[in-house]
Amino acid sequence: QHRRVTANDARWTSDVTMRASFARRQSRSRASDAPSAQSVRELNHQLDREPSPADAKPVTVDPRDVLAHAARSTSDSDASASDADDGATSDPIDYDEPLLAQLERLGDAYDAWVTRARLGATSTRLFRNPALEALSKTHWSVVPVFWMPVIAYVLYCGYVKVIEDGRSGAFAAAVFVASARGAWPTFEYIIHRFVFHAKRRRERRWAIWNQLHYLFHGCHHKHPQELLRLVFPLTVSVPVGYAAARACSAVFASGYAEFAAAGFQFGYLTYDMTHYAVHGNLFGLGDHALKRRRVKHLRHHYDDHTSGFGVTSSALDAVCGTLPRTH
């Protein structure tokens, strides 16, 4: 639904202008990755209609129009090759073939290539093997359907042990909250910044690393709106959840360890649902309750991938100086 905004409407400007600016920059990047010239012209025409702050004259605009233009640009990318104005060579990747096997062609250019997003929700193939390809995709509903019963069971086991031993239920609850709101966001930030966005020396840019990076995170940066790769598959989340439970058992006494493990797993569940909501606009949350978080995270993808590493919390971004720019 359209809504009326003015040129001083910061919420609309922060969401639309950033992605429109990205689309303009993309029109000067490699031909196969660039949005179509027609799509960029339509975006520019829309922005040209925006009044100056002095006029403050309202216009009828839907911020999601930008995403609609961006989605069309992907299918038009081949046709727009002749419109690219920088004369860059074509992308060596054939997007109609499995991508993982082709990454070795990029060599040292992989880092620059993977952070140059292809707009739109197009589905890309990673593996030629259909079973592996299926395992690399996960519908968002799989995450709560699997993890909510697991978390409930772990909490029940911990509760029984705490009650039987006559220990503090309030402390157990505090352990759960601390793990969900402290341990998980810290783990999320560290993995996202120092593993997925690690700066590697040239001699360490092995082909196998590029393939692993693309499998776990790079594919999401290259195709940020690919809906079936917005949450982690169970082949990744279950081993991580199990390892977290074992680590909690080594740190906490029996009973409290279950509450800590359940808190960490609940933090992960919150992360995946938040991440899907800000990209896929689940139940409209990306336009309402999670509007600010959506804008911050999309800046990480479309504006500056060296900032905005927190998804469920921006606290560590603030502490470490990696908050996204506000302009």
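Here, every reference points to the structure presented above.
Let me begin by describing the structure that accompanies this report. Keep in mind the model is a prediction, meaning the values are calculated, not measured. (Residues numbered from 1 in each chain as written. Predicted model: local features only at pLDDT ≥ 70, side-chain atom pairs only at ≥ 80, totals over all residues. Heavy atoms only, no water.)

A few words on the overall build of the protein chain. Of regular secondary structure, the protein chain possesses twelve helices and two strands. The N-to-C order of helical and strand elements in the protein chain reads β-α-α-β-α-α-α-α-α-α-α-α-α-α. Counting every position in the protein chain, which comprises 327 residues, the buried fraction comes to 47%. For the protein chain, restricting intrachain contacts to residue pairs at least 6 apart in sequence, the fraction spanning at least 24 positions comes to 74%. (Helix = DSSP H or I, 4+ residues; strand = E, 2+ residues; numbered from the N terminus. Buried < 20%, exposed > 50% of the residue type's maximum accessible area, 1.4 Å probe, protein only. Contact = heavy atoms within 4.5 Å.)

Mapped onto the secondary structure, I191 falls in helix α7 (residues 169-196). Relative accessible area serves as the criterion here: at 24%, I191 is assigned to the partly exposed category. Remark: the alpha-carbon pair of I191 and F309, spanning 118 residues in sequence, is separated by 9.2 Å.

Let us look at the nonpolar core. Residues W140, V143, V231, F259, Y268, M273 and Y276 are the most contacted members of the largest nonpolar core, which totals 30 residues. Those residues within four positions of V231 in sequence are excluded, and the remaining contacts are T138, H139, W140, V143, D272, M273 and Y276. (Core = buried A, V, L, I, M, F, W, Y, C linked by side-chain atoms within 4.5 Å.)

Now for helix α6 (residues 142-164). With 23 residues, α6 extends 34 Å from end C-alpha to end C-alpha; this agrees with the ideal 33 Å at 1.5 Å per step. Listing the buried residues of α6 in full gives V143, P144, W147, I151, V154, G158 and V162. Where α6 is buried, its residues meet α7, α9 (234-251) and α10 (256-280). Backbone geometry just after α6 places G166 at a positive phi near 70°. (Expected span 1.5 Å × (residues − 1).)

On the surface, V142, F146 and V238 cluster together to form a nonpolar patch covering roughly 180 Å² of accessible area. When you line up the elements, F146 lands in helix α6. (Patch = residues over 30% accessible without salt bridge, like charges linked within 9 Å, V, L, I, M, F, W, Y side chains within 5 Å. Areas by Shrake-Rupley, 256 points an atom, 1.4 Å probe, with all protein chains shown as cover. Salt bridge = Lys/Arg side-chain N within 4 Å of Asp/Glu carboxyl O.)

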